[in-house]
Amino acid sequence: MVPFGRVTTYGAIASYLGSPGAARMVGWAMNQCHSSPHYVPAHRVVNRVGLLTGKHHFDGSSLMQEMLENEGAIIEENRIMNMEDMFWDPVQELGL
DNA sequence: GACATGACCTCTG
DNA sequence: CCAGAGGCCATGT
């Protein structure tokens, strides 16, 4: 549901799902989304400071970064510099 | 059934 | 500001 050009965090997703502290489970879900028939923009999910912690789980080592940069993100040292502008909070945007 | 691990977060000292 | 510890929940051995 994360729109083009926006990113969100594991914690935000977990919080939206009703388990504020279950960010790890979200990471696990992202890992499993490989085998999901639905399209999951996992590249738009980063940790709270905008660090691309899951980049190693994509095909290339820079695929995630490339896709994010393609969506307007400014990435430097595996980190989204303009995180504040890109951040998309499901709780705030979709309502809880 | 216990124990370890994971694309994390938050609080403490 | 940096480091450590605890919590979260599903999965695999």
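Predicted, not measured: the structure shown is a model, and the values here were computed from it.

1. Here we look at unusual backbone geometry
A positive phi angle, close to 55°, is found at Glu 77, a residue other than glycine. The backbone of Asn 78 sits at a positive phi, close to 60°, despite the residue not being glycine. Tracing the sequence through the fold places Asn 78 in the loop between strand E3 (75–76) and strand E4 (79–80).

2. What about the protein's contact with DNA strand B?
Taken together, 18 residues sit near DNA strand B, with Gly 11, Gly 27, Asn 47, Thr 53 and Gly 54 positioned nearest. If you list the elements that add at least two residues to the surface near DNA strand B, you get helix H1 (10–16) and helix H2 (23–32). For the surface near DNA strand B, the element with the most residues is H2, which contributes seven residues. Of the residues belonging to the surface near DNA strand B, the class tally is eight nonpolar, eight polar and two charged.

3. Description of the environment of Arg 44
Tracing the backbone shows Arg 44 in the loop between H2 and strand E2 (45–46). Arg 44 sits in the buried class, given 22 other C-beta atoms within 10 Å. Between the alpha carbons of Arg 44 and Tyr 16 there is a distance of 16 Å; along the sequence they are 28 residues apart.

Reading guide: rules and limits
Residues numbered from 1 in each chain as written. Chains lettered and ligands numbered in written order. Predicted model: local features only at pLDDT ≥ 70, side-chain atom pairs only at ≥ 80, totals over all residues. Helix = DSSP H or I, 4+ residues; strand = E, 2+ residues; numbered from the N terminus. Near = placed C-beta within 6 Å. Nonpolar A, V, L, I, M, F, W, Y, C, P; charged D, E, K, R; others polar. Buried ≥ 20, exposed ≤ 12 C-beta atoms within 10 Å, placed from the backbone.

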